[in-house]
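Coordinate inspection notes
Each chain, letter by letter, is given below.
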Amino acid sequence: MKLSEKIIESLLWLAAVITILITAGIIWVLLAGSIPFFQEVSVIEFLTEKEWTPLFAQKHFGILPLVAGTFLTTAIAIAVALPIGLTIAVYLNEYAPGSLKRSIKPLLEILATIPTVVYGFFALTVVTPFLQSFIPGLAGFNALSAGIVMGIMIIPMISSLSEDAISSVPKSLREASYGMGSTRLQTAFRVMVPAASSGIIVSVILAISRAVGETMIVAIAAGQQPRLTLNPLVPIETITTYIVQVSLGDVPHGSLEYRTIFAAGIVLFVFTFGLNNLSFWIKKKYQEKYD
Amino acid sequence: MTRSSINQLKDKAFQFFGVLCMLIGLVFLAALLIDIISRGMSRIDWDFLTSLPSRRASRSGILTAWAGTLWILLLTSIIAFPLGISAGVYLEEYTRKTKLSSFLEINIANLAGVPSIIYGLLGLEIFVRQMGLGSSLLAGALTLSLLILPIVIVTTREALKAVPQSVRQGSYALGATKWQTIWRQVLPASFGGILTGVILALSRAVGEAAPLIVVGALAYVPFVPSSPNDEFTVLPIQIFNWTSRPQAEFLVNAAAAIIMLLFITFLLNGIAVYLRNRQQKKIKW
Amino acid sequence: GGNTKESNGTDSGENVTGSIQIDGSSTVYPVTEAVAEEFRTEAPDVKVTVGVSGTGGGFKKFVRGETDMNNSSRSIKEEEAKQAQEANISFIELPITYDGLTVVVHPENTWATTMTVAELKKIWEPAAQGKITRWNQIRPEWPNQEIHLFGAGVESGTYDYFTEAIVGESHASRGDYTASEDDNVLVQGVSTDKNALGFFGYAYYLENKGKLKAVAIDDQNDANGKGPIMPSVETVKNGTYAPLSRPLFIYVNSKAASRPEVVKFVNFYLDNASELSSEVGYIPLPAEEIKKQKQKFQEFASGLKK
Amino acid sequence: MSKKQIKLEAKDVHAYYGDFHALRGINIVMEENTVTAFIGPSGCGKSTFLRLFNRMNDYIDGFKTEGEILLDGDNIYAKSVLVDELRKKVGMVFQKPNPFPKSIFENVVYGLKIQGVSDKATLVEAAEKSLQQAALWNEVKDNLNKSALALSGGQQQRLCIARALAISPSVLLMDEPASALDPISTAKIEELIHQLKEQYTIVIVTHNMQQAGRVSDTTAFFYLGELVEHAKTKTIFTNPKDKRTQDYITGRFG
Amino acid sequence: MSKKQIKLEAKDVHAYYGDFHALRGINIVMEENTVTAFIGPSGCGKSTFLRLFNRMNDYIDGFKTEGEILLDGDNIYAKSVLVDELRKKVGMVFQKPNPFPKSIFENVVYGLKIQGVSDKATLVEAAEKSLQQAALWNEVKDNLNKSALALSGGQQQRLCIARALAISPSVLLMDEPASALDPISTAKIEELIHQLKEQYTIVIVTHNMQQAGRVSDTTAFFYLGELVEHAKTKTIFTNPKDKRTQDYITGRFG
Ligand SMILES: Nc1ncnc2c1ncn2[C@@H]1O[C@H](COP(=O)(O)OP(=O)(O)OP(=O)(O)O)[C@@H](O)[C@H]1O
Ligand SMILES: Nc1ncnc2c1ncn2[C@@H]1O[C@H](COP(=O)(O)OP(=O)(O)OP(=O)(O)O)[C@@H](O)[C@H]1O
Ligand SMILES: [Mg+2]
Ligand SMILES: [Mg+2]
Ligand SMILES: O=P([O-])([O-])[O-]
């Protein structure tokens, strides 16, 4: 091979390898921040304590309230996005004429392109007051409206990815099913959805991971109060909100308080990393099945 | 009722439900846009676009915010695109199925799923602290570059994949080397697709607030940045700032700024969609 | 900067350039923001950035010399002063206005119109965490409803001051409340939640009078006013709104004070503090007091020149 | 060949994909219990025409058809016709075997299940019967719960035939059912068609002239959307009337 | 046919895709300025073998080859051989026309440009010459800057031939060059092959027996990775030695 070819290839290789450095960087930063933290606070306490007040005089370092807040908003978001998104995916695939599908898909995808501060703003100023008009006990900051709005935001993730998964099921299966006299509904739920199940599961996992990591909506609309509750009507705090909150306060470098955000960050990272790997793994298996 | 007509009925019912679900999404979108436009549209005028921030909502403008956003877009493009496209080309055109390549692939899929706020922590520690860049434009742009790098890589690969193998083979068969083939055939043929991906990545960067908050970009910055070392603010952060102010007039400002932000986002996305369609029309393999 | 002559802040016309980094108290922020904004017409080429890290957060940067000035809603602590000394940093403290920390509830809250310091302590002390969660635990006749608390973040001077004044020990409180350095978040929180109780600077209350209700505070000490007292310009000025009245400060780094743009800015600040602080809802210092501060700063700044 | 009952009939059928005129006035009659082969160069409309008989083109965007298609004398495009009912009468086998990614058993009984049959015994019985008809029973009877995807291509195709037979259609449409198969499997399928002819009316599209010769009673030659010639298979292959048929048969094009 | 110089030769060639043994000991000799046709059922290894002659399989993951391939007596798999140089001597035309998404002119001169030729006049001259050789010049001479993708399939295929000729190879490999084309374009390509034979050694893979009969001097029949028979085309079609060849020719399978 010519020398110039070799050089170019090496440069490109370098660019690709930088992505590994980024991952290494993330892990290193999170570990470097949280290892000193865990030298002061035991992991057991971190994982089992029921209170999170690291900034106060009486410090408690239980991550559970933040995890609960994250879980709560994510669960609400998925409860909104999964049924709606999956229905849309099936509808677009089996029912909608091609022209409708071509126009609806990008329209819905707009939902995913809107910056999340905008959703936060909308949740706080429109959705919460709207919900308060028939849920009297609803606090101004709450998990419910943040979760709902987040759910709407991730609808296109589920609907588009699931739709892709369903439409990548070989057309011949659909024809086989129709050829046996199935209705579209039967074809959809007995043949297409099961055959596309791994792709659909991948889309849902990615949506969950997205919801877990979402920041601005919850920071603006869900409150900043860590509490171990599954009540969607009161202010809560998610892991991401906590990081934002501390960053806004600009806690000085090197303090224990500063390190809490890395400890919280590593929990967040572990969650999303696990989910992403799971989805990647499922996707790989699924591709093998069809090729 | 016969079995068949029951099935037909279920079929129809689901069809109705499907339309309903789509409407939920679309109505929400419409409500959001209408709400924001009706709140903020009247606030948008020349003064609003050219004024510095102020404690009085009616005098406050978004000059620093959109100037910061433009800076960030520019710097992020310069940093992320060459890197991302190169990595994409390497992964798609050069790697064989080795351990390294599948590791890289998993790794990139993972990076794409890392929450943006984690990138904020990375930027805070590496760029702001270790490299001593402070809460500067450069630190912000580097952080966002890392954030969108996976998107650029993945879309570059998609675009390269869309170039049929037959084009590469045609080129090889005429005695072209690998890089000649990539540079003269594959990249030009996938240019539209790469550009599309790159613009989509930018539109993601435009809307990000969380990682920038973490690197410390939330402050009263009443001047237009003039170099990458300056402190800055961007539209999403200005919006965040205004929404958290209690005075109602600031909410109007926030809505107006949101209109501008959506305008930029939709513009970028629109360009991307346009390019994608044109590409699909122009080249039918 | 071409300004070599001693500036007293009033001689404009000369083109001062440079940048000034200010951080610290969110309570003082509105005043400093207003001053910075007006200063733009005075010296358009000076880039003033104002951060909001809370008094404590700001001091941590200030004592390391990372910022030129610090907004502060309390006096500097001994340990902070010591750190400054270790880093070879000297500074000057300048009071600029008065504030009355205001306890607020939602406008539809009909019951909590007055509270005693003891009751506040019962709510906020560390022991209350997880235990005092309902209004009727404070006064039995109050409703049996959850109480949602909003208060200043721990890096803030407001927090230090409030805990000192109410709990009796600086930096000691329960931790299960919505804590934010950003008072606007607190306003948002209280104004949209019927069961809320919060506290923050008077200016933020004044700005949002329509959405909030202030609670009259009884310190059970007749020496400074009998019974529950509402915060107002009057009661803060005459000292009857106790114990939650306090002065607000700016701190200036001596190295920064040798830069003409900073000198000019501080003078401008003191000249306009009264007007701008009352504009944003604080209670101005008496005119003689301001004069004294200007004098003090001039001596401080010129002392640096020698 | 004795005169039999008319099973399928097309009257002046046109078909369009958007603006593209894919079928141009087709008239044809097919009798009960015969095998009709459709031949012709790629793209001439064989599949399009075949799929009209069970309305498989219904869901294609922009597809339009004109004229009448009669099954047992009734127009299957009449408003009152329920498509799923029609398809139970007119089974279809595709070019590439397309078993569902389920067990062999589930594949065969799928058609019955969606009709609401859930009685286990009935299903088992039906499965055995159709697998036997499709000459697959002996090969799979011990592995009914194995995934259908684990079968060989030829077995899969016979499974698809069994699946189609399970709902007892009277017509069987086959679109190049052996083109993806090896010679041995092909022979098996051809043999099967021969047997099924006793009970079913079969229409088969094929690219392989020899195959058409071996399995069909009559052959229809399509060219550019037209039905050029339809006659007894022997006639078509030995003594075609039309020059184009002649050219195609002898391999001048295609 | 007079005895000519040996142009291409394979000696006991094996090829593997991973574990799959795709070619099993092929020996063949092809003479200068002749047309050799490779025939055989799908998947028998024709394309694999053809692509060995310009090392087009080099980039396939897991592909391995054994034995020797000689061009003018030199082993093209020797270490010292530069693949890009080899490919300039051995041109290739693919099954589906694969013009670059550029102008007609850019397509034809691409091979020269990557060799560093940049003189406009030289390029224009070369373009005209090869387009004329490929019998396309008259149809495109006024539209050299038009996109190549706007040409018809048959024109595209001749463009690809012109493109291959522009770098003056001595061997031309063609993998089913007419299978995606209509009869008229096919006829043109066949005619072209006939003319090119004067100057080039041509190897052509085809599925169409009639085509093999029309264009080739010798024919090689492959089956399951083996070269069953290689002889004069007339001999293969009228008097094959091997039973398998016979079966294939008469359409018993494939
Ligand atoms: N879904 C479709 N949309 C548009 N055109 C189509 C569609 N399906 C087929 N056609 C066109 O209609 C014509 C007839 O197609 P059809 O599939 O019936 O041909 P065929 O004779 O079955 O060919 P083959 O032997 O290749 O299967 C072709 O020109 C084809 O391009
Ligand atoms: N890239 C590849 N990886 C693995 N196996 C391959 C690959 N390419 C071809 N094969 C296999 O090698 C065998 C020979 O393939 P080849 O393409 O040479 O056949 P062919 O005779 O050209 O067939 P056709 O007439 O269909 O083009 C086939 O069984 C095929 O499945
Ligand atoms: Mg067909
Ligand atoms: Mg081949
Ligand atoms: O922000 P503080 O004024 O409370 O320090």
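Residues numbered from 1 in each chain as written. Chains lettered and ligands numbered in written order. Predicted model: local features only at pLDDT ≥ 70, side-chain atom pairs only at ≥ 80, totals over all residues. Heavy atoms only, no water.

If you look chain B up in an unreviewed UniProt entry, it shows as Phosphate transport system permease protein PstA from Rufibacter tibetensis. Under the UniProt heading Sequence similarities (unreviewed entry), the entry covering chain B gives this text: "Belongs to the binding-protein-dependent transport system permease family. CysTW subfamily." Here chain B is described in UniProt, under the heading Subcellular location (unreviewed entry), as follows: "Cell membrane". (UniProt positions renumbered as here; feature names shortened; annotations may be inferred.)

Going by an unreviewed UniProt entry, chain A carries the name Phosphate transport system permease protein and comes from Rufibacter tibetensis. Under the UniProt heading Function (unreviewed entry), the entry covering chain A gives this text: "Part of the binding-protein-dependent transport system for phosphate; probably responsible for the translocation of the substrate across the membrane." Its UniProt record gives chain A the following Sequence similarities (unreviewed entry) comment, quoted word for word: "Belongs to the binding-protein-dependent transport system permease family. CysTW subfamily."

Right, let's get into the overall build of chain A. Along its length, chain A carries 12 helices and 0 strands. Secondary structure elements of chain A, listed N to C terminal, follow the sequence α-α-α-α-α-α-α-α-α-α-α-α. Referenced to the eigenvectors of the C-alpha coordinate spread, the extents of chain A come out at roughly 70 × 70 × 30 Å. Expressed as a percentage of its 291 residues, the buried residues of chain A come to 65%. The long-range fraction of contacts in chain A, counting pairs at least 24 apart against all pairs at least 6 apart in sequence, stands at 71%. Of the roughly 9,900 Å² that chain A leaves accessible, carbon and sulfur atoms contribute 69%. Averaging the coordinates of the 18 positive side-chain charges in chain A and doing the same for the 17 negative ones gives two points 10 Å apart. (Helix = DSSP H or I, 4+ residues; strand = E, 2+ residues; numbered from the N terminus. Buried < 20%, exposed > 50% of the residue type's maximum accessible area, 1.4 Å probe, protein only. Contact = heavy atoms within 4.5 Å. Areas by Shrake-Rupley, 256 points an atom, 1.4 Å probe, with all protein chains shown as cover. Lys, Arg positive; Asp, Glu negative; His and termini not counted. Charge placed at Lys NZ, Arg CZ, Asp CG, Glu CD.)

Residues and elements named next belong to chain B. The sites that UniProt annotates as "transmembrane region" (unreviewed entry) are residues 13-34, 63-91, 103-124, 136-154, 182-202, 209-225 and 250-275. For residues 13-34, the helix share is 100%, the strand share is 0%, and the end-to-end C-alpha distance is 31 Å. Taken end to end, residues 136-154 comprises 95% helix and 0% strand; its first and last C-alpha atoms sit 28 Å apart.

Each side of the interface is counted separately: chain B has 4 residues, and chain D has 6 residues. In total, about 380 Å² of surface goes out of reach between chain B and chain D, with carbon and sulfur atoms giving 38% of it. Among the residues chain B hides against chain D, the three largest losses belong to R3, S4 and Q8 of chain B. Together they make up 84% of the total. Where chain B touches chain D, the interface holds 0 salt bridges. The interface formed by chain B and chain D includes 1 residue pair in polar contact (both at pLDDT 80 or more). A breakdown of the residues in the side of chain B that touches chain D according to their chemical character gives no nonpolar, 3 polar and 1 charged. (Buried area = accessible area lost by both parts, 1.4 Å probe. Salt bridge = Lys/Arg side-chain N within 4 Å of Asp/Glu carboxyl O. Polar contact = N/O pair within 3.5 Å; in protein donor to acceptor, adjacent residues only side chain to side chain. Nonpolar A, V, L, I, M, F, W, Y, C, P; charged D, E, K, R; others polar.)

With that settled, consider the sheet that holds strand β7 (residues 171-175) of chain D. Residues and elements named next belong to chain D. The 6 strands lie next to each other as β6-β7-β8-β3-β9-β10, forming an open sheet whose pairing is mixed. Here the strands that pair on one side only, and so sit at the sheet edges, are β6 (90-93) and β10 (226-232). Neighbouring strand axes in the sheet, compared pairwise and without regard to direction, differ in orientation by 15 degrees on average. Here strand β9 (residues 218-223) pairs with β10 via 6 bridges, running antiparallel. Considered in β10, the bridge of T219 is made with A231. (Pairing = 2+ DSSP bridges. Axes fitted to C-alpha atoms, helices over the stretch in contact; angles between N-to-C directions.)

So, on to the site of ligand 5. All names here are of chain C. Around ligand 5 lies a shell formed by S25, S26, T27, G54, T55, S73, S156, G157 and T158. S26 is positioned with one of its backbone polar atoms (N or O) 2.5 Å from an oxygen atom of ligand 5. Of all elements in the fold, only α2 (54-62) and α5 (157-167) reach the threshold of two or more residues within the shell around ligand 5. For the shell around ligand 5, a count of residues per class yields no nonpolar, 9 polar and no charged. (Near = heavy atom within 4 Å.)

What follows deals with empty space enclosed by the protein. According to the stated counting rule, one finds 8 cavities of 30 Å³ or more in the structure shown. The volume enclosed by the largest cavity comes to roughly 110 Å³. Residue composition of the lining of the largest cavity, grouped by class: 9 nonpolar, 4 polar and 1 charged. (1 Å grid on protein atoms, 1.4 Å probe; cavity = no way out; pocket = protein on both sides within 12 Å on 5 of 7 lines; lining within 4 Å. Points joined across faces, edges and corners; volume = space filled by probe spheres on them.)

On to the confidence of the model for chain A, then. Residues at a pLDDT of 70 or more form 96% of chain A, whose mean pLDDT is 89. At the level of individual helices and strands, chain A shows its lowest average pLDDT in helix α12 (residues 256-290) of chain A, which scores 85, and its highest in helix α3 (residues 64-95) of chain A, which scores 95. (pLDDT = per-residue confidence, 0-100.)

All names here are of chain D. Throughout the structure, instances matching the rule amount to 51 aromatic pairs over all chains. Look at F100 and Y110: their rings are 4.6 Å apart centre to centre, the planes differ by 55 degrees, and that puts the pair in the tilted class. Here F100 is found in the loop between β6 and α3 (104-114), whereas its partner Y110 is found in helix α3, with 10 residues between them in sequence. For the residue pair F100 and Y110, the accessibility class agrees, reading buried in each case. (Phe/Tyr/Trp six-rings, centres within 6.5 Å; stacked < 30°, edge-to-face > 60°.)

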